[in-house]
Amino acid sequence: KQEVTQIPAALSVPEGENLVLNCSFTDSAIYNLQWFRQDPGKGLTSLLLIQSSQREQTSGRLNASLDKSSGRSTLYIAASQPGDSATYLCAVYYNNDMRFGAGTRLTVKP
Amino acid sequence: DAGVIQSPRHEVTEMGQEVTLRCKPISGHNSLFWYRQTMMRGLELLIYFNNNVPIDDSGMPEDRFSAKMPNASFSTLKIQPSEPRDSAVYFCASSLGTGAYGYTFGSGTRLTVV
């Protein structure tokens, strides 16, 4: 059974810092990996989608990498802002199923 | 496109009542997923449909839960009778194919059973 783990569970940083969120998965036979953002009381907003054949995707200040062989993905956020405060979820798609990590709750302090 | 649309946004009901949650997927998406999110268990897949046909309902917790997709633009998740432990946020998501191009989520329905 595919397990998805996100570390750390919570992270607090001062504004302006660069930071990395981690996601690991147990089965490397994935089709893609998707990073989502969830604000309190809101739905999930897709940030980046990395296909299994890709190694990274970038969108603005966000960069996501994928290393299938080691079962790891990272989400890099450059020059963090208070508006980046949210929970970030990693989801792995494989075998007609998508598994979610428990998320990392990020707080960026002004 | 307006995205995945769910209704209602909030639902408060008494234990034992029937609850119906609704979802309109993105036009052209042929897969639809129902998830439940709680603090204790995170996001759990309840059921998914492909081309309006239920493919995997192994996540449906009990017979009290049922889901239908009568056409490509509408799905319902029904709980009858509802119980306090059903209180959660229920999300609907849709995708092209079965997820190889990523999922798009709705805003969710926050259900409170008292």
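The structure we're discussing is the one just above.
Residues numbered from 1 in each chain as written. Chains lettered and ligands numbered in written order. Predicted model: local features only at pLDDT ≥ 70, side-chain atom pairs only at ≥ 80, totals over all residues. Heavy atoms only, no water.

A look at the sheet that holds strand β3 (residues 19-25) of chain A
Residues and elements named next belong to chain A. Here 5 strands make up an open sheet; going across it, the order is β1-β3-β8-β7-β6 and the pairing antiparallel. The open sheet has two edge strands with one neighbour each: β1 (4-7) and β6 (56-59). Averaged over neighbouring strand pairs, the angle between their axes works out to 15 degrees when direction is ignored. Summarising the sheet, β1 and β3 pair through 4 bridges and their orientation is antiparallel. For Q6, the partnering residue across the bridge sits in β3 and is C23. (Pairing = 2+ DSSP bridges. Helix = DSSP H or I, 4+ residues; strand = E, 2+ residues; numbered from the N terminus. Axes fitted to C-alpha atoms, helices over the stretch in contact; angles between N-to-C directions.)

Focus: the interface of chain A and chain B
At the interface, 17 residues of chain A touch 17 residues of chain B. Taken together, chain A and chain B are joined by 2 residue pairs in polar contact (both at pLDDT 80 or more). Among the secondary structure elements, those contributing two or more residues to the side of chain A that touches chain B are β4 (32-38), β5 (44-51), β9 (86-94) and β10 (97-100) of chain A. Grouping the amino acids of the side of chain A that touches chain B by side-chain chemistry returns 7 nonpolar, 8 polar and 2 charged. (Contact = heavy atoms within 4.5 Å. Polar contact = N/O pair within 3.5 Å; in protein donor to acceptor, adjacent residues only side chain to side chain. Nonpolar A, V, L, I, M, F, W, Y, C, P; charged D, E, K, R; others polar.)

Examining the sheet that holds strand β1 (residues 5-7) of chain B
Residue and element names in this part refer to chain B. With antiparallel pairing, the 4 strands of this open sheet are ordered in space as β1-β3-β8-β7. Looking along the sheet, the strands with just one partner apiece sit at the ends: β1 and β7 (65-71). Averaged over all neighbouring strand pairs, the angle between strand axes comes to 15 degrees, with direction disregarded. Alignment of β7 against strand β8 (residues 74-79), held across 5 bridges, turns out to be antiparallel. Bridging from a neighbouring strand, F65 pairs with I79 of β8.

What to know about the pairing of strand β11 (residues 109-113) of chain B
Residues and elements named next belong to chain B. On β11, burial follows the alternation: T109, L111 and V113 on one face are buried, whereas R110 and T112 on the facing-out side are not. Two strands pair when backbone bridges link them, and strand β2 (residues 10-13) and β11 are joined in this way by 4 bridges, in the parallel orientation. The partner of V12 across the bridge, within β11, is T112. In terms of strand pairing, strand β9 (residues 88-95) meets β11 through 3 bridges, oriented antiparallel. In the sheet register, Y90 faces β11, and the bridge partner there is T109. (Buried < 20%, exposed > 50% of the residue type's maximum accessible area, 1.4 Å probe, protein only.)

With respect to the state of the cysteines
All names here are of chain B. Enumeration over the complete set of coordinates arrives at 2 disulfides over all chains. The residue that forms a disulfide with C23 is C92, at a sulfur-sulfur distance of 1.9 Å. The chirality of the disulfide connecting C23 with C92 is left-handed, given an S-S dihedral of about -65 degrees. Taken as a pair, C23 in strand β3 (residues 19-24) and C92 in strand β9 lie far apart in primary sequence, 69 residues in all. Residue classification places C23 among the buried positions, given a relative accessible area of 1%. (Disulfide = S-S within 2.5 Å.)

Some remarks on the packing of aromatic side chains
For the coordinates displayed, the defined rule picks out 11 aromatic pairs over all chains. Consider the rings of Y31 of chain A and Y93 of chain A, whose centres lie 5.7 Å apart with planes at 50 degrees: the pair is tilted. One end of the pair, Y31 of chain A, is in the loop between β3 and β4; the other, Y93 of chain A, is in strand β9, and 62 residues separate them in sequence. An angle of 40 degrees between the planes, with centres 5.8 Å apart, marks the rings of F36 of chain A and F100 of chain A as tilted. Taken together, the positions of F36 of chain A in strand β4 and F100 of chain A in strand β10 put the pair 64 residues apart, joining distant regions of the chain. By relative accessible area, which is 12% here, F100 of chain A ends up buried. An aromatic cluster is defined as three or more aromatic residues linked by ring pairs; in this entry it consists of Y31, F36, Y93 and F100 of chain A together with F33, Y35, Y48, F91, Y103 and F105 of chain B. (Phe/Tyr/Trp six-rings, centres within 6.5 Å; stacked < 30°, edge-to-face > 60°.)

As for the pattern of salt bridges
Residues and elements named next belong to chain B. Going through the model one piece at a time under the given rule, you end up with 10 salt bridges over all chains. Between E44 and R41 there is a salt bridge, with the nearest N and O atoms lying 2.6 Å from each other. The class for E44 is buried, based on a relative accessible area of 15%. Assessed through its relative accessible area of 60%, R41 is described here as exposed. Notably, a salt bridge pairs R64 with D86, separated by 2.7 Å at the nearest N-O pair. Pair noted here: R64 is in the loop between β6 (53-56) and β7 and D86 is in the loop between β8 and β9, with a separation of 22 residues, a long-range link. (Salt bridge = Lys/Arg side-chain N within 4 Å of Asp/Glu carboxyl O.)

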